[in-house]
Amino acid sequence: MSKLSIAERVRTAPTAELCASELAWDPWAHDAQPDEPAVPAYGPGASQWDAIPASAPVQTEIPERYRRMPDEELARRIAAAKAALGSRLVILGHHYQRDEIIRWADFRGDSFKLSQHAASRGDADYIVFCGVHFMAESADILAADHQRVVLPNLAAGCSMADMADEPQVLSCWRQLGEAVGEQRVVPVTYMNSAAALKAFCGERGGAACTSSNASRVMAWAFERGERVLFFPDEHLGRNTGDKLGIPDEAMVVWDPRRPLGGLTPEALGRARLILWRGWCSVHARFTTAQIAEARRRYPDVTVIVHPECRREVVAAADLDGSTELILETITKAPAGSRWAVGTEINMVNRLAAEHPDKTIFCLDPVICPCSTMYRTHPAYVAWVLEGLVDGRVLNEITVADQVKKGARLALDRMLSLPAGGGR
Ligand code: 13P
Ligand code: SF4
């Protein structure tokens, strides 16, 4: 099994093994030029062809000296800046980050674990979040007032989170109110959403959830209302509904582009779980055919997938769970065991390198990282850290106070429930 990182594999792999040849370019090739109109783009990878909102944050090209720095110098500078900042700095790294980034993380984790770390490191002045925009926003909501949250590359958004915006959700809520009475609906937002949508849920008696506690949060919501509106991930919502035994006919999909979500009042009347039409383009790549092929190659393989995969993929797998659950399960597995994994390639590649005594491979044979996670490269981390050493907070993520209040309610309700939700 290759010890090369995904960035190194991308540099050496034949183009046919990549989902986009532009993956081999430096990430700043996709950033905005200082004197040109800023046009948001996800960049190469799984979300490359997803529609991006015009309001999505854009990263302007960082100074040339960082772009030109050899890898070893970037590493030396990051280490020096980390040492200079000491306990004033905490670096959080999501499992989908490149190896070249994750090595600097004080804490690695899934969205849930990282939000707990963000809430627990009150002594650090700066939280540098190597993840995506909604995670940095959540850190700002949970952090103490004096703490400043930094996202090294502002273009690191999430195409799934971008599939639900506040006007669309407000319009859905109004229409639901007219059709079924909104007081009987509890809104639940996946962590992968804008802070304004977490506030929307917090202010209406709802909560946020992550893939590690979706079942608990949804069960909690059903104790409080007849119906749950779940956004923005249709698949996590349906997979969670399946785990809670919600019958198929009681789950409907709300398409925000169509009047009444494309539903009839009768279908809405029967619905218990209203699922937003949104998805993750990384997890949409996994198929039952890939699972069948993995089982054909290795009859003793265990298939583990993220619950953002489609229902039939989760059903065909042996296990499903958050990135942290996938990591823990494979880490604890006996030597010699074989694992086919349906989640982001940087994480799967790292697991394989860290456990050479096990066979671990990604279900998808093509290298196709999360476009936005992949936008974070050591050059951006060196740039923001050296800024902090000089007293300049670059790429700060701040959530407005009035939004923070409601969003905090939604997150606190989630954090107060015990974790759980795998199969
Ligand atoms: P986890 O909470 O499992 O880390 O998932 C976050 C995510 O964005 C998966 O696509
Ligand atoms: Fe968003 Fe999917 Fe990337 Fe996770 S993997 S950050 S859900 S686009």
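Residues numbered from 1 in each chain as written. Chains lettered and ligands numbered in written order. Predicted model: local features only at pLDDT ≥ 70, side-chain atom pairs only at ≥ 80, totals over all residues.

This brings us to the site of ligand 1. All residues in the neighbourhood of ligand 1 are listed as Asp 110, Ser 111, Phe 112, Asn 192, Thr 210, Ser 211, Cys 280, Glu 308, Ser 322 and Thr 323. Residue composition of the shell around ligand 1, by class: 2 nonpolar, 6 polar and 2 charged. (Near = placed C-beta within 6 Å. Nonpolar A, V, L, I, M, F, W, Y, C, P; charged D, E, K, R; others polar.)

A few words now on helix α7 (residues 166-180). Across its 15 residues, α7 extends 21 Å between first and last C-alpha, which sits within 8% of the 21 Å expected from 1.5 Å per residue. Where α7 is concerned, the buried positions are Val 169, Cys 172 and Leu 176. Looking straight down α7, one finds its buried side chains confined to an arc of 60°; they lie on one side. For α7, exposure combined with an orientation more than 90 degrees from the buried face picks out Pro 167, Arg 174 and Glu 178. Where α7 ends, the next residue or the one after it, Gly 181, has phi of about 90°, a positive value. (Helix = DSSP H or I, 4+ residues; strand = E, 2+ residues; numbered from the N terminus. Expected span 1.5 Å × (residues − 1). Buried ≥ 20, exposed ≤ 12 C-beta atoms within 10 Å, placed from the backbone. Arc of directions from axis to C-beta.)

Pairing of strand β10 (residues 302-305) with strand β12 (residues 338-342), which is carried by 4 bridges, proceeds in the parallel orientation. Pairing of Val 305 across the sheet is with Gly 342, part of β12. For β10 and strand β11 (residues 319-320), the ladder comprises 2 bridges, and the chain directions are parallel. Residue pairing for β11: Ile 304 is matched across the bridge by Leu 319. (Pairing = 2+ DSSP bridges.)

Attention now goes to the sheet that holds β10. Taking strand neighbours across the sheet as the criterion, the 4 strands line up as β11-β10-β12-β13 in an open arrangement whose pairing is parallel. The outermost strands of the open sheet, each flanked by one partner alone, are β11 and β13 (359-362). Seen against the sheet, helix α15 (residues 345-354) touches β12 and β13 and runs at an angle of roughly 165° to β13. (Contact = placed C-beta atoms within 7 Å. Axes fitted to C-alpha atoms, helices over the stretch in contact; angles between N-to-C directions.)

Formed by 130 residues in total, the largest nonpolar core has its most connected members in Ile 127, Val 128, Phe 129, Val 188 and Ala 207. A total of 8 residues in this core trace back to one element, the largest contributor, which is helix α16 (residues 378-389). Beyond its immediate chain neighbours, meaning those up to four positions away, Val 128 contacts Leu 89, Ile 91, Val 150, Pro 152, Val 384 and Leu 385. (Core = buried A, V, L, I, M, F, W, Y, C linked by C-beta atoms within 7 Å.)

Here we come to the domain arrangement of the protein. When the domains of the protein are assigned, the result is domain 1 (22-158 + 372-399), domain 2 (161-280) and domain 3 (283-362). When each unit is reduced to the centre of its C-alpha atoms, the spacing between domain 1 and domain 3 is 27 Å. Taken residue by residue, the interface counts 11 residues in domain 1 and 9 residues in domain 3. Tallied by class, residues from the side of domain 1 that touches domain 3 come to 4 nonpolar, 3 polar and 4 charged. (Domains from an automatic or database assignment.)

This paragraph deals with the packing of helix α6 (residues 133-142) against helix α17 (residues 401-415). When two helices pack together, their arrangement is given by the angle between their axes and by how far apart the axes lie. The geometry of α6 relative to α17 is characterised by a closest axis approach of 9 Å and an angle of 95° between their N-to-C directions. On the basis of the axis angle, α6 is roughly perpendicular to α17. Of the residues in α17, those in contact with Ser 138, Ile 141 and Leu 142 of α6 are Lys 404, Ala 407, Arg 408 and Leu 411. Of the residues belonging to the contact of α6 with α17, the class tally is 4 nonpolar, 1 polar and 2 charged. (Parallel < 35°, antiparallel > 145°, perpendicular 65-115°, else oblique.)

To continue, consider the environment of Ala 155. Among the secondary structure elements, Ala 155 is positioned in the loop between β4 (148-150) and α7. For Ala 155, a count of 28 C-beta atoms within 10 Å corresponds to the buried category. The spatial distance from the C-alpha of Ala 155 to the C-alpha of His 94 is 16 Å, given a sequence separation of 61 residues. Ignoring any residue separated from it by four or fewer positions in sequence, one finds Ala 155 in contact with Asp 31, Gly 43, Pro 57, Val 58, Gln 59, Thr 372 and Arg 375.

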